[in-house]
Amino acid sequence: MACSFEANVAGQCATAESDTGAVEIEGSAVLPGSGGGNHDSDYDADGVAYIPVDDELDSVEEAWCDLQRIECVPWTPPAEDADGETGPITISDIASFRPQAPAAGMQPNQWMIVGLDTNFYATTSAHVVDGTLFGGTAQVRFTPIAYNWDYGDGSTATTSNPGKTWDKYRITEFDPTPASHVYEEPGNYTITLAVTYAAEYRVAGSSWQNVVGTLTIIAPPLTATAGHATTVLVDQDCIANPTGIGC
């Protein structure tokens, strides 16, 4: 049987030797990750790097931890109740998992024109946090579900839309957006954004499970000044930009 060059180099081809009519045939095949015991270091085969397999790490949980590149520690589920059922995981159980802090943005930046829409938007998204749950390796996925705005003039709004810039909406400046707000009086204002997250958890090798409750994180506040168009500084005059603010 013909043997390819690559198999011959890898030592996978059978060999034969003849001495006084006796023939001895032997063959060997080396497969990545096979063999007895651990290897001291990674090795290359046909240009592909293989990670040695630890014979003692063969459970679904440990394989999952290896894939996530996190240290694997078995977890202890919550205590069972009188009916033998495990209680739900609540938001207080995952208190050690902290979501990324959201950020608030606005247009124009740090100033508003009285009577026109100021655009507000949040910067955050669903993300996964690694940690320990009931003593074992786990992950929690936080997903923003509500954006609570306090505009600093007594008005508030809650939306399920994080918003985005006018440019990303492909609309004209000062057009209304899901989180935009119109200031009626000049003055200095502090705008606060609080993002509410729903959470899910999973332990090694399991699917995502809901966490009971929600978590609200407050973004660093914005400070801005509202004024009339005639008092607002712009980067162009009316000769250069006849359609600009106040022209």
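Calculation criteria
Residues numbered from 1 in each chain as written. Predicted model: local features only at pLDDT ≥ 70, side-chain atom pairs only at ≥ 80, totals over all residues. Heavy atoms only, no water. Helix = DSSP H or I, 4+ residues; strand = E, 2+ residues; numbered from the N terminus. Buried < 20%, exposed > 50% of the residue type's maximum accessible area, 1.4 Å probe, protein only. Contact = heavy atoms within 4.5 Å. Areas by Shrake-Rupley, 256 points an atom, 1.4 Å probe, with all protein chains shown as cover. Pairing = 2+ DSSP bridges. Patch = residues over 30% accessible without salt bridge, like charges linked within 9 Å, V, L, I, M, F, W, Y side chains within 5 Å. Salt bridge = Lys/Arg side-chain N within 4 Å of Asp/Glu carboxyl O. Lys, Arg positive; Asp, Glu negative; His and termini not counted. Charge placed at Lys NZ, Arg CZ, Asp CG, Glu CD. pLDDT = per-residue confidence, 0-100. Core = buried A, V, L, I, M, F, W, Y, C linked by side-chain atoms within 4.5 Å. Polar contact = N/O pair within 3.5 Å; in protein donor to acceptor, adjacent residues only side chain to side chain.

**So, the overall build of the protein chain**
For the protein chain, the count of helices and strands is three helices and 14 strands. Here the protein chain holds 247 residues, and 30% of them are scored as buried. Considering only intrachain contacts with a sequence separation of at least 6, the fraction spanning at least 24 residues in the protein chain is 63%. Summed over its atoms, the accessible surface of the protein chain is roughly 15700 Å², and 51% of this surface lies on carbon and sulfur atoms.

**Side note on the sheet that holds strand β5 (residues 103-107)**
With antiparallel pairing, the three strands of this open sheet are ordered in space as β5-β7-β11. What marks the edges here is a single partner per strand, and that holds for β5 and β11 (181-182).

**Describing a negative patch on the surface**
A cluster of acidic residues, Asp150, Asp153, Glu184 and Glu185, forms a negative patch at the surface. Along the chain, the position of aspartate 150 falls in strand β9 (residues 136-150). Here aspartate 150 falls in the partly exposed class, since its relative accessible area comes to 35%.

**Some thoughts on the side chain of threonine 118**
Along the chain, threonine 118 falls in strand β7 (residues 117-123). The exposure class assigned to threonine 118 is buried, which follows from its relative accessible area of 1%. The contact partners of threonine 118, leaving out residues within four places of it in the chain, are Met106, Gln107, Pro108, Met112, Ala179, Ser180, His181 and Tyr183.

**A short note on unusual backbone geometry**
Each neighbour pair has its own omega, and for glutamine 107 with proline 108 the value is -5°, a cis peptide bond. Note on placement: proline 108 falls in the loop between β5 and β6 (111-113). At phenylalanine 134, a residue that is not glycine, the phi angle is positive and equals roughly 50°. Mapped onto the fold, phenylalanine 134 is located in the loop between β8 (127-133) and β9. Phenylalanine 134 gets classed as partly exposed once you look at its relative accessible area, which sits at 33%.

**Quick look at the confidence of the model for the protein chain**
Taken as a whole, the protein chain shows an average pLDDT of 76; of its residues, 60% reach a score of 70 or greater. Below pLDDT 50 for its whole length, residues 16-58 participates in 42 contacts with residues either more than four positions away or in separate chains.

**As for the nonpolar core**
What tends to happen in soluble globular proteins is that the nonpolar side chains get buried as a cluster. Counting 34 residues, the largest nonpolar core has Ile94, Phe120, Phe142, Trp149 and Ile191 as the members making the most contacts within it. Going through the elements one at a time, β5, β7, β8, β9, β12 (187-203), β13 (209-218) and β14 (222-227) are the ones with two or more residues in this core. The element best represented in this core is β12, accounting for eight residues. Residue contacts for phenylalanine 120: discarding those within four places in its chain leaves Gly105, Met106, Trp149, Tyr151, Ala179, Ser180, His181, Tyr183, Ile191 and Leu222.

**Thoughts on the side chain of histidine 127**
Following the sequence through the fold, histidine 127 ends up in strand β8. Within polar-contact distance, the side chain of histidine 127 engages the backbone nitrogen of glutamine 100 at 2.9 Å. Not counting residues within four places of it along the chain, the set of residues in contact with histidine 127 comprises Pro99, Gln100, Val140, Arg141, Phe142 and Tyr197.

**Thoughts on the pairing of β14**
As paired strands, β6 and β14 are joined by three bridges and run parallel to one another. From the neighbouring strand, tryptophan 111 faces β14, where its bridge partner is threonine 225. Taken together, the five bridges between β12 and β14 define a ladder with antiparallel strand orientation. Residue pairing in the sheet places isoleucine 191 in a bridge with leucine 222 of β14.

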